[in-house]
Amino acid sequence: MISKEPSMTILIEYASPRHPEIRNLLQASHDLMSSLFPAEANHFLSIDALCDARIHFFGVRVDDVYQACGALAVKEGYGELKSIFTAQSVRGRGLGQKVIHQIEATARDLGLSLLKLETGSLLHDAHRLYEREGYILCGPFGDYEAAKLSVFMSKDLKKV
């Protein structure tokens with residue numbers, strides 16, 4: 001998907017988590033999570049794990065440079081949003097929203113009707129983004145356990 005914003009071209013595409021620019025984005029995300037939360041509260045996937053066949057990984061290029069990313073992990077009966085991150089320099093331009101829309105479209109194409117996510121309790125901007133996109137609070141899912149540093153959300157794609 002290509003869109004033109006004032007003075008910038010945005011391209012969302014399947015991408016490799018191993019691409020150097022994306023590795024830098026993922027490392028910035030991991031560094032942020034590690035600075036905010038203890039290791040046991042961080043549930044980000046390694047770069048190798050993001051290369052698994054059940055992961056659909058997307059990169060967002062702004063003027064040919066990867067500036068955001070996100071992934072859909074296909075689970076039994078639902079999809080999980082993972083590794084959604086936007087470079088600090090381009091935040092507020094809707095890139096996170098575009099990643100979420102791409103993940104939702106991919107989930108629909110795969111026949112998934114439910115998306116879930118886990119995010120950190122201190123990531124208030126992320127909470128607001130997910131809420132604007134129709135995600136609602138839910139309980140833990142999969143291998144996650146209830147924890148005060150985690151926020152769980154879901155979206156029923158059939159209701160949209």
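Residues numbered from 1 in each chain as written. Predicted model: local features only at pLDDT ≥ 70, side-chain atom pairs only at ≥ 80, totals over all residues. Heavy atoms only, no water.

Draft legend 1. Local environment of the nonpolar core. Formed by 38 residues in total, the largest nonpolar core has its most connected members in Phe57, Leu81, Leu115 and Tyr135. For this core, the element with the most residues is strand 4 (residues 65-74), which contributes six residues. Discounting residues that sit within four places of it in the chain, Leu81 has contacts with Ala71, Ile100, Ile103, Leu115, Lys116, Leu117, Tyr130 and Tyr135. (Core = buried A, V, L, I, M, F, W, Y, C linked by side-chain atoms within 4.5 Å. Buried < 20%, exposed > 50% of the residue type's maximum accessible area, 1.4 Å probe, protein only. Helix = DSSP H or I, 4+ residues; strand = E, 2+ residues; numbered from the N terminus. Contact = heavy atoms within 4.5 Å.)

Draft legend 2. Quick look at the pairing of strand 4. Of all ten residues making up strand 4, eight are buried, and the element is well covered by its neighbours. Of the pairings in the sheet, the one linking strand 3 (residues 55-62) to strand 4 comprises eight bridges and is antiparallel in character. Opposite Phe58, over in strand 4, you have Gly70 as the bridge partner. Connecting strand 3 to the next strand, strand 4, in antiparallel fashion are two residues, including Asp63 with a positive phi near 50 degrees. (Pairing = 2+ DSSP bridges.)

Draft legend 3. Examining helix 3 (residues 95-109) more closely. With 15 residues, helix 3 ought to run about 21 Å at 1.5 Å a step, and its terminal C-alpha atoms sit 21 Å apart, in line with that. Backbone geometry just downstream of helix 3 places Gly111 in the positive-phi region, at approximately 80 degrees. (Expected span 1.5 Å × (residues − 1).)

Draft legend 4. Quick peek at the side chain of Glu133. Its location among the elements puts Glu133 in the loop between helix 4 (124-132) and strand 7 (136-137). Side chain to side chain, Glu133 and Gln97 meet in a polar contact 2.8 Å long. Excluding its chain neighbours within four sequence positions, the residues that come into contact with Glu133 are Gln97, Ile100, His101, Glu104 and Lys155. (Polar contact = N/O pair within 3.5 Å; in protein donor to acceptor, adjacent residues only side chain to side chain.)

Draft legend 5. Layout of unusual backbone geometry. Look at Asp63: it is not a glycine, yet its phi comes out positive at around 50 degrees. With respect to the secondary-structure elements, Asp63 resides in the loop between strand 3 and strand 4. For Asp64, which is not glycine, the phi dihedral falls at a positive 70 degrees. Given the relative accessible area of 62%, Asp64 is considered exposed.

Draft legend 6. Structural detail: helix 4. Those residues of helix 4 not exposed but buried are His127, Leu129 and Tyr130. Viewed along the axis of helix 4, the buried residues span an arc of 165 degrees, placing them on a single side of the element. Facing away from the buried surface of helix 4 by more than 90 degrees, the exposed residues are Asp125 and Arg132. For helix 4, the secondary structure elements touched by its buried residues are strand 5 (79-86), helix 3, strand 6 (114-120) and strand 8 (150-156). Just beyond helix 4, the residue with positive phi is Gly134, at close to 95 degrees. (Arc of directions from axis to C-beta.)

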